[in-house]
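# Geometric and topological summary
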Amino acid sequence: MEQSPLTQQPRPEAFQAKIVQLYQELFKDHDHDEDLDSHYHSPTQTEGFWAEFFILKPARSSLRQILDPISASDLLHLYSAQTQQLFSRAVSALKPTRPSSSASASSQTQSQNKQANALDTLSVFLVSILGKKYTNPSSDIIEVLAGLDSVDHVFGEFVGALDGIVRGGSGNAGATSIEVRRKAVEVAMAVTAGAWGTGLGSYFIQRDMFPALMKLIQDSETTQDIVRPFTLVGLLANYNKFEFQNPYQMRLNDFVNEQTIQKIIRAVGEACLTLRGQYVAVQEDLPEGWSIAGTLSMIGLVRLNKHKKPVYDAETQKRMFSALPGKEAAVLLATYDFTHANKLFCHNLVTLPPLAKGDEPPFSSFLSITSYMLQHAHLSQRTTLYSHLNLMIIRLLIEDPVLCKRLCSSEPEHKHPVRLCRQRSPYLPHVSGDRVLATAVLDTMIDAVNHNLRRRLDVGLYTLCVGILLRLISYMSRSRSRLEYHWHELFRSLLSLIRFLTTYASDLKTLLGGQQGQLDTLLDLVVNTLALGLSSGESFLPTSAAYDDLFYKIVEMGDVLVKFRDVYGLKKRQSNSIDTLVNVSAHYKDMLASGASSSKEKLTSVQVAEVIKQGYETLSIQAKEGLDSWERFREADERGLLKKMAREAVGDVRALVGGE
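Residues numbered from 1 in each chain as written. Predicted model: local features only at pLDDT ≥ 70, side-chain atom pairs only at ≥ 80, totals over all residues. Heavy atoms only, no water.

## What to know about the overall build of the chain
Going by this rule: The helix count covers DSSP runs of H or I at least four residues long, the strand count covers runs of E at least two residues long, and both are numbered beginning at the N terminus. Residue contacts follow a heavy-atom distance rule, with two residues in contact if any of their heavy atoms lie within 4.5 Å. Exposure was quantified through the Shrake-Rupley algorithm and a 1.4 Å probe, taking into account, for residues, occlusion by the shown protein chains and nothing else.
Within the chain, the regular secondary structure consists of 31 helices and zero strands. Long-range contacts, defined here as pairs at least 24 residues apart, represent 80% of the contacts in the chain between residues at least 6 apart. For the chain, the computed accessible surface area is about 30,600 Å², with 50% contributed by carbon and sulfur atoms.

Next up, the structure:
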């Protein structure tokens, strides 16, 4: 190695930052042949070492390169003294110094820089340490970070220090910058997600960080600075929430600061736009309007769109779609918990207007990303879980009669544009411009029904979608809300679902196995929604033609309905109105048969429609009582799914803080 002419010392082949040298000194290679306990007797680093360690700006990638190759076993048996020392020293560095009255602003800045460096170091350190596979995760991680004897003291101080930083500092310590507070949230996310399923989460339960996180949201302006702490609230609120009374759940329930709630909802709306943009980047699906430039481009007279988005083949698109939504979707877990716990949040989620003319209101953005996820829900378990989560949010909103009334409102100020997914056929009619939000919800549910038909049917997803349709139509029927809508598409989709369920009945019964109870619920919902349309259609369908069309479709499906009833034994159960559908079909079938025999020619569709109108006079619809009733959402019924969803969100947060 060449010597430096100035110092006469060997010159390194490449420049190496001082902090990297300190990393290497701290995590020196151990000889595996030595006594595994020898490191406990090695001298600790000096005070000067640690003072310099947190003054220098961290080299995140270099620290990862040193830590990542070390196995969990080696961390536990060879390096635990070093990891414990680093963690405890970093916690000490997080504590703010209390300057004297004569202290300058530069000393406060120096203190915050030290905190920021300690937080950056902890973020990388914890992501790497907690990302390893341990034999006994709880006890092993505690041993690596603090030791069993010191964990209460060290972690108590750690969470307390994070809480103080996120809150923004107080007293003589001076205010903490938003950037440093954001770094503290990142560290808290790294611990909460990385140590999920271990006992370390209990320290965040004992030290309630909710007020500090809400204070940070109040003080923040950018979407990311709001979304990250809100996502953390979602994780903490789901920590063992079915096993004990989680204090974060109680906080969500009692929170009434409407200004902060609105900031959160706007940030969630922007996050939904970002997630939708990821889908559109794979396949642009916005219908192109007619233009002279577009026409000239089609016939090759001009060259346009030099920067046109790439077009991927079907297999590539499928692979890319299966990785969506992005990791930022973890914020939807917190959105669900706030919706479930807080009526004020629900009200603002539905009613908050756009900030400026031409912008989407948050609820439109939420519906939009829901429609994109639902069209691709079958591609991965992760997409399916997030789709379920958003459907539960919609169900909670629809079950509130005040919010349902607002969603069904045709007042101009209550109508907004909603961009719905059009990436897979069959397509529903495109609606541009402002629309009644309830019609966008109907479209989203129909799209989900149309695009997820598989022999291994996701019964839970279909139960949610059809249940939301029933709840909306029930409200419209009771309130006599007649909305202009392509109702023929809704009834066609439900009858197509019945045809599918009938065709693949044996496969579904075999594949679903233990989900038979859920399948029965789905069957009842589909039948009762159609029966409600027959018995109460005059109260919510906008025209007699729409009502006639429903009868026409039921008559057309007569034989399938009989087979559907028999193959699932629906007549034996009192929870559905299958007889209503079958009897209506039989009534008109007899009328059509007599009409055809008298004319000796096959009836045209116009003649069939005329027979349907005439048949109203002799038709008696014997529908069961309570078709427009339904059970309210009970979170305990979705316990298993919500636990899976929490684990999925935890994985996404790990990826977010780990920079994956």
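## Considering the nonpolar core
The line we're drawing: What we call a nonpolar core is a set of buried Ala, Val, Leu, Ile, Met, Phe, Trp, Tyr and Cys residues that are connected through their side-chain atoms within 4.5 Å. With a 1.4 Å probe rolled over the protein chains alone, any residue whose accessible area is under 20% of its type maximum counts as buried; one over 50% counts as exposed, and the rest are partly exposed.
Within the largest apolar cluster, 214 residues are counted, with the highest numbers of intra-cluster contacts made by Leu126 and Phe158. Here this core gets 13 residues from one element, more than from any other, and that element is helix H23 (residues 459-479). Filtering out sequence-adjacent residues up to four positions away, leucine 126 remains in contact with Phe87, Gly131, Leu145, Phe158, Val187, Ala190 and Val191.

## Some remarks on the pattern of salt bridges
Stated precisely, the cut-off is as follows: Throughout this description, the term salt bridge denotes a Lys or Arg side-chain nitrogen within 4 Å of a carboxyl oxygen of Asp or Glu.
Enumeration according to the criterion identifies 33 salt bridges in this entry. Among the salt bridges present, the one from arginine 60 reaches glutamate 186, with a minimum N-O distance of 3.2 Å. Taken as a pair, arginine 60 in helix H3 (residues 60-67) and glutamate 186 in helix H9 (residues 178-194) lie far apart in primary sequence, 126 residues in all. When its relative accessible area of 16% is taken as the criterion, glutamate 186 is described as buried. For arginine 382, the salt bridge identified is with aspartate 652, shortest N-O distance 3.1 Å. Linking arginine 382 in helix H20 (residues 381-398) with aspartate 652 in helix H31 (residues 639-658), this pair joins segments that are 270 residues apart in sequence. Linked by salt bridges that have partners in common, Arg60, Asp120, Lys183 and Glu186 make up one network.

## With respect to H31
Cut-off, in case you're wondering: Here, expected helix span is obtained from the residue count minus one, scaled by 1.5 Å.
Between its terminal C-alpha atoms H31 stretches 28 Å, which fits the 28 Å expected from 20 residues at 1.5 Å a residue. Those residues of H31 lying buried are Leu641, Leu642, Met645, Ala646, Ala649, Val650, Asp652, Val653, Ala655, Leu656, Val657 and Gly658. Just downstream of H31 lies glycine 659, where phi reads positive at about 75°.

## Notes on the layout of surface pockets
Rules: Using protein atoms alone on a 1 Å grid, points that fit a 1.4 Å probe yet trap it form a cavity, whereas open point sets bounded by protein on both sides within 12 Å along at least five of seven lines form a pocket; residues with an atom within 4 Å of a point count as lining. Grid points are joined across faces, edges and corners, and a volume is the space filled by probe spheres set on the points. Lys, Arg, Asp and Glu make up the charged group, whereas Ala, Val, Leu, Ile, Met, Phe, Trp, Tyr, Cys and Pro make up the nonpolar group; the residues left over, Gly among them, are polar. The domain limits used here are those given by an automatic or database domain assignment.
Computed from the structure, the largest pocket encloses a volume of approximately 1,200 Å³. The wall of the largest pocket is formed by 42 residues, among which Val459, Gly460, Thr463, Leu464 and Gln518 lie closest to the centre. Residue assignment for the lining of the largest pocket shows that the elements contributing at least two residues are H20, H23, helix H25 (505-512), helix H26 (516-540) and H31. Broken down by element, the residue count for the lining of the largest pocket peaks at eight residues, all from H23. A breakdown of the residues in the lining of the largest pocket according to their chemical character gives 13 nonpolar, 17 polar and twelve charged. If you count residues domain by domain, the lining of the largest pocket takes at least three from each of domain 2 (238-285 + 310-438) and domain 3 (452-625).

## Some remarks on the packing of H9 against helix H12 (residues 223-237)
Filter applied, for reference: Fitted lines through C-alpha atoms give the axes, limited to the stretch in contact for helices. The angle between two N-to-C directions lies from 0 to 180 degrees. For classification purposes, an angle smaller than 35 degrees is called roughly parallel, one larger than 145 roughly antiparallel, one from 65 to 115 roughly perpendicular, and anything else oblique. Should the near helix be turned anticlockwise from the far one by less than a right angle, the crossing is left-handed, and should it be turned clockwise, the crossing is right-handed.
It is the contact of H9 with H12, at a shortest axis distance of 10 Å, that shows an interaxial angle of 30°. As judged from the angle between their axes, H9 and H12 are roughly parallel. The way H9 lies across H12 gives a crossing that is left-handed. Here Ile178, Arg182, Val185, Glu186, Ala188, Met189, Thr192 and Ala193 of H9 come into contact with H12, specifically with Asp225, Arg228, Pro229, Thr231, Leu232, Leu235 and Leu236. Considering only residue class, the contact of H9 with H12 consists of nine nonpolar, two polar and four charged.

## Here we look at the environment of proline 325
Here proline 325 is to be found in the loop between helix H16 (314-322) and helix H17 (331-341). Expressed as a C-alpha distance, the spacing of proline 325 and serine 387, which sit 62 residues apart in the sequence, is 9.9 Å. With residues near it in sequence (within four places) discarded, proline 325 still touches Leu275, Gln278, Tyr279, Met373, Arg382, Thr383 and Tyr386.

## Describing the confidence of the model for the chain
As a reminder, the rule being used: The predictor's confidence in any single residue is recorded as pLDDT, a number from 0 to 100.
Of the residues in the chain, 85% have a pLDDT of 70 or more, and the chain-wide mean is 88. Residue range residues 32-43 is modelled with pLDDT below 50. Its contacts to residues more than four positions away, or to other chains, number 13 contacts. Here residues 290-306 is modelled with pLDDT under 50, and outside its nearest four sequence neighbours on either side it reaches seven contacts, counting other chains as well.

## Examining the side chain of glutamine 249
Test applied: We call two N or O atoms a polar contact when they sit within 3.5 Å, provided that within protein one can donate a hydrogen and the other can accept it, with sequence-adjacent residues counted only if both atoms are side-chain atoms.
Residue position: glutamine 249 is located in helix H13 (residues 247-254). Residue class for glutamine 249 comes out buried when judged on its relative accessible area of 16%. Here alanine 237 takes part through its backbone oxygen, which lies 2.9 Å from a polar atom of the side chain of glutamine 249.

## So, H9
The end-to-end C-alpha distance of H9, which contains 17 residues, comes to 24 Å, matching closely the 24 Å that a straight helix rising 1.5 Å per residue would cover. Extensive coverage of H9 is indicated by the burial of 14 of its 17 residues.

## Considering the packing of aromatic side chains
Our working definition: Side-chain rings of Phe, Tyr and Trp, where Trp is taken by its six-membered ring, are said to pair if the distance between their centres is within 6.5 Å; with planes under 30 degrees apart they count as stacked, over 60 as edge-to-face, and otherwise as tilted.
As enumerated under the stated definition, the model contains 28 aromatic pairs in all. Seen in terms of ring centroids, phenylalanine 155 and phenylalanine 158 are 5.4 Å apart; in terms of plane orientation they differ by 80°. Their pairing is edge-to-face. With phenylalanine 155 and phenylalanine 158 both in helix H8 (residues 151-167) and three residues apart, this pair spans about one turn of that helix. One exposure class covers both phenylalanine 155 and phenylalanine 158, and it is buried. Among the aromatic side chains, those forming a connected cluster through ring pairs are Tyr23, Phe49, Trp50, Phe53 and Phe54.

## A closer look at the side chain of threonine 502
Tracing the sequence through the fold places threonine 502 in helix H24 (residues 487-503). Overall, the relative accessible area of 7% leaves threonine 502 in the buried class. Not counting residues within four places of it along the chain, the set of residues in contact with threonine 502 comprises Val560, Lys563, Phe564 and Tyr568.

## Digging into unusual backbone geometry
The amide bond that connects leucine 324 to the next residue, proline 325, takes the cis arrangement and shows omega of 0°. If you check the backbone angles, asparagine 240 has positive phi at about 50° while not being a glycine. Looking at the element boundaries, asparagine 240 is found in the loop between H12 and H13. By relative accessible area, which is 33% here, asparagine 240 ends up partly exposed.

## Focus: the packing of H20 against H31
One can describe the packing of H20 onto H31 by two numbers: an axis separation of 10 Å at closest approach and a directional angle of 120°. Note that H20 runs across H31; the crossing there is left-handed. Residue-level contacts link Gln381, Arg382, Leu385, Tyr386, His388, Leu389 and Met392 of H20 to Leu641, Leu642, Lys644, Met645, Glu648, Ala649 and Asp652 of H31. Residue classes in the contact of H20 with H31 are distributed as eight nonpolar, two polar and four charged.

## As for the environment of tryptophan 50
Along the chain, tryptophan 50 turns up in helix H2 (residues 47-55). Relative accessible area serves as the criterion here: at 4%, tryptophan 50 is assigned to the buried category. Linking tryptophan 50 and leucine 22, residues 28 residues apart in sequence, is a C-alpha distance of 9.2 Å. If we skip the residues at most four places from it in the chain, tryptophan 50 touches Leu26, Gln45, Gln85, Leu86 and Arg89.

## Here's the deal with the environment of leucine 461
Here leucine 461 is to be found in helix H23. Relative accessible area serves as the criterion here: at 1%, leucine 461 is assigned to the buried category. Separated by 70 residues in the primary sequence, leucine 461 and leucine 391 place their C-alpha atoms 8.1 Å from one another. With sequence-adjacent residues up to four places away left out, leucine 461 is seen in contact with Leu374, Ala377, Ser387, His388, Leu391, Ala448 and Asn452.

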